[in-house]
Amino acid sequence: MANSRSRVLQYGKMPLPQLDADLAQAYEVSILSEQPDPEHFLAEQGAQFEYLVTSAAMGLPARVIQALPKLKFVSSFGVGFDALDREALQDKGVRVGYTPGVLDDCVADMAFALLLDATRGLSESDRFVRRGDWSKGRFGIRTRASGKRLGIFGMGRIGSTVARRAAGFDMEVAYHNRRPIEGSPHHYLPSLLELARWSDFLVITAAGGDSTQHLVSTDVLDALGPQGFLINVARGSVVDEAALVTALQQQRIAGAGLDVFEDEPRPKPELLALDNVVLAPHIASGTHETRRAMADLVLHNLQQYIATGRPAAEVPW
Ligand code: DGY
């Protein structure tokens, strides 16, 4: 069994600098992205690593997995795992730990922050005041959020946390998943199209990956309609972003709040030019408390795997 100074390969620097320090204290760490020639490093030293740490945002490409012949376990910082190459990992029987459950509150808070900003125009009103426009005229009145219909696409841990917040806003909640959830107090709608048609706010909390790619299409956006708002705190890939840009430009939906984009960190320039969309830099889990809890779970998964052969939280492929 490996000891506590096992060698660990970090794919890159982690989203919480303290985690880099914690890993370096517990293990003999090499950071691949810091190597002068990462490919050369992999060719020379790849065979020495059984353990690797990465993040949902950095992902893990097949090229790196294949350069690590003894790789057994990956500990990933984040709840999403669409950027980790599943096929390459499963081909080698590599187990993968991730960090579910500890970021639900923060991501749900962010969904509501975007929802309220999109509907009340908070970011836009901030720009209005700073520009000195208040002394020249009134800021336009907006749409109320409370009491409206909230549709959740992806009623998992984060979706349910969004639904709990919606109760405080007197909202009616419905959802769409592949299957209805037994015992759920919320209405189930059997298609995303029907959910969009029903919703004033359509909140995306579904996992990314091939099975959800571009499910929010022109048809779904048209079903949401000119009074509807789209909020995405899941993955940019779930939304056909070109279709969204057109729908926003033509005001075929009322607005959007986006924390995630198809091509991060380069949102489409057309989005930057629009006032009916609020943009955030994939920061939904970005609070001190949540990032620390995620870091602790990354460390715990790694320790557990090394000690017992099983991480505390394993990716359910
Ligand atoms: C996650 O945890 O998956 C966040 O979206 C960060 O990528």
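Refer to the structure printed above.
Residues numbered from 1 in each chain as written. Predicted model: local features only at pLDDT ≥ 70, side-chain atom pairs only at ≥ 80, totals over all residues.

**Some words on the overall build of the chain**
At step 1: On a plain count of helices and strands, the chain comes out with 12 helices and 12 strands.
At step 2: Whereas a compact globule of 317 residues would reach a radius of gyration of roughly 20 Å, the chain reaches 21 Å, a difference of no more than 12%.
At step 3: Taken along the three principal axes of its C-alpha coordinates, the chain extends 65 × 50 × 30 Å.
At step 4: Split into buried and exposed, the 317 residues of the chain put 41% on the buried side.
At step 5: Long-range contacts, defined here as pairs at least 24 residues apart, represent 58% of the contacts in the chain between residues at least 6 apart. (Helix = DSSP H or I, 4+ residues; strand = E, 2+ residues; numbered from the N terminus. Rg over C-alpha atoms; globule rule 2.2 N^0.38 Å. Buried ≥ 20, exposed ≤ 12 C-beta atoms within 10 Å, placed from the backbone. Contact = placed C-beta atoms within 7 Å.)

**With respect to unusual backbone geometry**
At step 1: Between Glu 264 and the following residue, Pro 265, the backbone shows a cis peptide bond with an omega angle of 5°.
At step 2: Within the secondary structure, Pro 265 is located in the loop between strand E11 (255-258) and helix H11 (269-272).

**A few points about the sheet that holds strand E9 (residues 201-204)**
At step 1: Taken together, the seven strands give an open sheet; going across it, the order is E8-E7-E6-E9-E10-E11-E12, and neighbouring strands pair in parallel fashion. The open sheet is flanked by strand E8 (187-188) and strand E12 (277-279), the only strands paired with a single partner.
At step 2: Alignment of strand E6 (residues 149-153) against E9, held across four bridges, turns out to be parallel. Looking at the pairing, Ile 152 lines up with Val 203 of E9. (Pairing = 2+ DSSP bridges.)

**What about the packing of helix H5 (residues 104-120) against helix H7 (residues 157-168)?**
At step 1: One way to put it is that H5 packs onto H7 with a least axis distance of 8 Å and a crossing angle of 55°. In terms of their interaxial angle, H5 and H7 are classed as oblique. Note on packing geometry: the crossing formed by H5 with H7 is right-handed. Taking contact as the criterion, the partners of Asp 104, Asp 105, Val 107, Ala 108, Ala 111 and Phe 112 in H5 are, on H7, Arg 157, Ile 158, Thr 161, Val 162 and Arg 165.
At step 2: Of the residues in the contact of H5 with H7, the class split is six nonpolar, one polar and four charged. (Axes fitted to C-alpha atoms, helices over the stretch in contact; angles between N-to-C directions. Parallel < 35°, antiparallel > 145°, perpendicular 65-115°, else oblique. Left-handed = near helix turned anticlockwise from the far one by under 90°. Nonpolar A, V, L, I, M, F, W, Y, C, P; charged D, E, K, R; others polar.)

**Quick notes on the environment of Thr 290**
At step 1: The residue Thr 290 is located in helix H12 (residues 288-308) in this model.
At step 2: A count of 20 C-beta atoms within 10 Å places Thr 290 in the buried class.
At step 3: Separated by 220 residues in sequence, Thr 290 and Lys 70 have C-alpha atoms that sit 32 Å apart.
At step 4: Residues within four places of Thr 290 in sequence aside, it is in contact with Val 102, Leu 103, Cys 106 and Ser 285.

**A look at the nonpolar core**
Nonpolar side chains tend toward joint burial in soluble globular proteins.
At step 1: Among the nonpolar cores identified, the biggest contains 92 residues, and Ala 111, Ile 204, Leu 230 and Ile 231 are the most heavily contacted of them.
At step 2: Sort the elements by how many residues they give to this core and H5 lands first, with nine residues.
At step 3: Counting contributing residues per domain, this core is built from domain 1 (7-102 + 288-308) and domain 2 (104-279), each supplying no fewer than three. (Core = buried A, V, L, I, M, F, W, Y, C linked by C-beta atoms within 7 Å. Domains from an automatic or database assignment.)

**Remarks on the environment of Met 171**
At step 1: Here Met 171 lies in the loop between H7 and strand E7 (172-176).
At step 2: Sequence separation between Met 171 and Gly 147 is 24 residues; the distance between their C-alpha atoms is 4.5 Å.
At step 3: Residues within four places of Met 171 in sequence aside, it is in contact with Gly 147, Lys 148, Arg 149, Leu 150 and Ala 166.

**Things to note about the sheet that holds strand E3 (residues 51-55)**
At step 1: Reading across from one edge, E2-E1-E3-E4-E5 is the order of the five strands in this open sheet, with parallel pairing throughout. At either end of the open sheet lies a strand with only one pairing partner, and these are strand E2 (28-31) and strand E5 (95-97). Neighbouring strand axes in the sheet, compared pairwise and without regard to direction, differ in orientation by 25° on average.
At step 2: In terms of strand pairing, strand E1 (residues 7-10) meets E3 through three bridges, oriented parallel. By the bridge assignment for E3, Gln 10 is matched with Val 53.
At step 3: Docked against the sheet, H12 engages E3, strand E4 (73-77) and E5, running at close to 170° with respect to E4.

**A few points about the pairing of E1**
At step 1: With four bridges joining them, E1 and E2 adopt parallel strand pairing. Paired with Leu 9 across the strands is Ser 30, a residue of E2.
At step 2: Regarding topology, helix H1 (residues 17-26) serves as the crossover connection from E1 to the parallel E2, and that connection is right-handed. (Right-handed = clockwise from strand over helix to strand, strands pointing away.)

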